[in-house]
Amino acid sequence: MSYEKLVRLVERFVEDEETRVWANKRGVLNLTKGNDHVMGVRVGEEVADAMASELLACRVCGCGLEEALARVTLVGLASGLPLEYAERVLRELVRLAGLG
């Protein structure tokens, strides 16, 4: 798992409304644009499903990057995302928000 890749995936999803997010059965959270695969990050099947759903909810409510990262990380933790991985994502969130 690469927390940097997850941060980039969320960032691209938030910034580009033409992207789609989905989870496959191998536990990969995928980002596509049209018919092109943009990127994917392996997080585990249940975690990927939960994160994809949360990102779609973020798009509906218009979350910014910081809020989307926080929400995705929290649902990931609730779905089995390892604590160490979530800590790294949250540290990046603090950096992006200019708090640390």
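In this text the structure is predicted, and so the values were computed from the model without any measurement.

Parameters and conventions
- Residues numbered from 1 in each chain as written.
- Predicted model: local features only at pLDDT ≥ 70, side-chain atom pairs only at ≥ 80, totals over all residues.
- Heavy atoms only, no water.
- Helix = DSSP H or I, 4+ residues; strand = E, 2+ residues; numbered from the N terminus.
- Rg over C-alpha atoms; globule rule 2.2 N^0.38 Å.
- Buried < 20%, exposed > 50% of the residue type's maximum accessible area, 1.4 Å probe, protein only.
- Areas by Shrake-Rupley, 256 points an atom, 1.4 Å probe, with all protein chains shown as cover.
- Lys, Arg positive; Asp, Glu negative; His and termini not counted.
- Charge placed at Lys NZ, Arg CZ, Asp CG, Glu CD.
- Pairing = 2+ DSSP bridges.
- Axes fitted to C-alpha atoms, helices over the stretch in contact; angles between N-to-C directions.
- Contact = heavy atoms within 4.5 Å.
- Parallel < 35°, antiparallel > 145°, perpendicular 65-115°, else oblique.
- Nonpolar A, V, L, I, M, F, W, Y, C, P; charged D, E, K, R; others polar.
- Phe/Tyr/Trp six-rings, centres within 6.5 Å; stacked < 30°, edge-to-face > 60°.
- Lys NZ or Arg CZ within 6 Å of the ring centre and 35° of its normal.
- Expected span 1.5 Å × (residues − 1).

## Thoughts on the overall build of the protein chain
Here comes step 1: Counting secondary structure elements, the protein chain contains four helices and three strands.
Here comes step 2: Along the protein chain, helices (α) and strands (β) appear in the sequence α-β-β-β-α-α-α when read from the amino end.
Here comes step 3: For 100 residues, the compact-globule formula gives about 13 Å, and the C-alpha radius of gyration of the protein chain, at 12 Å, lands near that figure.
Here comes step 4: Principal-axis analysis of the C-alpha atoms places the extent of the protein chain at approximately 40 × 25 × 20 Å.
Here comes step 5: Within the protein chain, the proportion of its 100 residues that are buried is 39%.
Here comes step 6: Entry remark: accessible area of the protein chain is about 5600 Å², with carbon and sulfur atoms responsible for 49%.
Here comes step 7: Here the protein chain carries 13 positive and 16 negative side-chain charges, and the mean point of each set is 5 Å from the other.

## Examining the sheet that holds strand E3 (residues 36-42)
Here comes step 1: Here we have three strands laid out as an open sheet, ordered E1-E2-E3, and antiparallel in their pairing. The open sheet is flanked by strand E1 (19-23) and E3, the only strands paired with a single partner. When strand polarity is set aside, the average angle formed by the axes of neighbouring strands in this sheet is 20°.
Here comes step 2: On top of the sheet, helix H1 (residues 3-15) reaches E1, strand E2 (28-33) and E3; it is set at about 140° to E3, its chief contact.
Here comes step 3: Across the sheet, helix H2 (residues 45-61) lies against E1 and E2, angled at about 150° from E1, the strand it touches most.

## Digging into the packing of helix H3 (residues 65-78) against helix H4 (residues 83-96)
Here comes step 1: Direction vectors running N to C along H3 and H4 enclose 170°, while the axes themselves pass 10 Å from each other. Viewed along their axes, H3 and H4 adopt a mutual orientation that is roughly antiparallel. Within the contact between the two elements, H3 uses Leu65, Glu66, Leu69, Ala70, Thr73 and Leu77 and H4 uses Leu83, Ala86, Val89, Leu90, Leu93 and Leu96.
Here comes step 2: When the residues that make up the contact of H3 with H4 are grouped by side-chain class, the tally is 10 nonpolar, one polar and one charged.

## A closer look at the packing of aromatic side chains
Here comes step 1: What the rule picks out here adds up to zero aromatic pairs.
Here comes step 2: Lying across the ring of Phe13, Arg59 places its NZ or CZ 3.7 Å from the centre.

## Focus: H3
Owing to its 3.6 residues per turn, the α-helix aligns residues three or four sequence positions apart on the same side.
Here comes step 1: In this model H3 runs 20 Å from its N-terminal to its C-terminal C-alpha over 14 residues, within 8% of the 20 Å that 1.5 Å per residue would give.
Here comes step 2: Of the surrounding elements, those touching the buried residues of H3 are H1, H2 and H4.
Here comes step 3: Trailing H3 by a residue or two, Gly80 shows a phi angle of about 115°, which is positive.

By themselves, these figures tell us nothing about what the structure is for.
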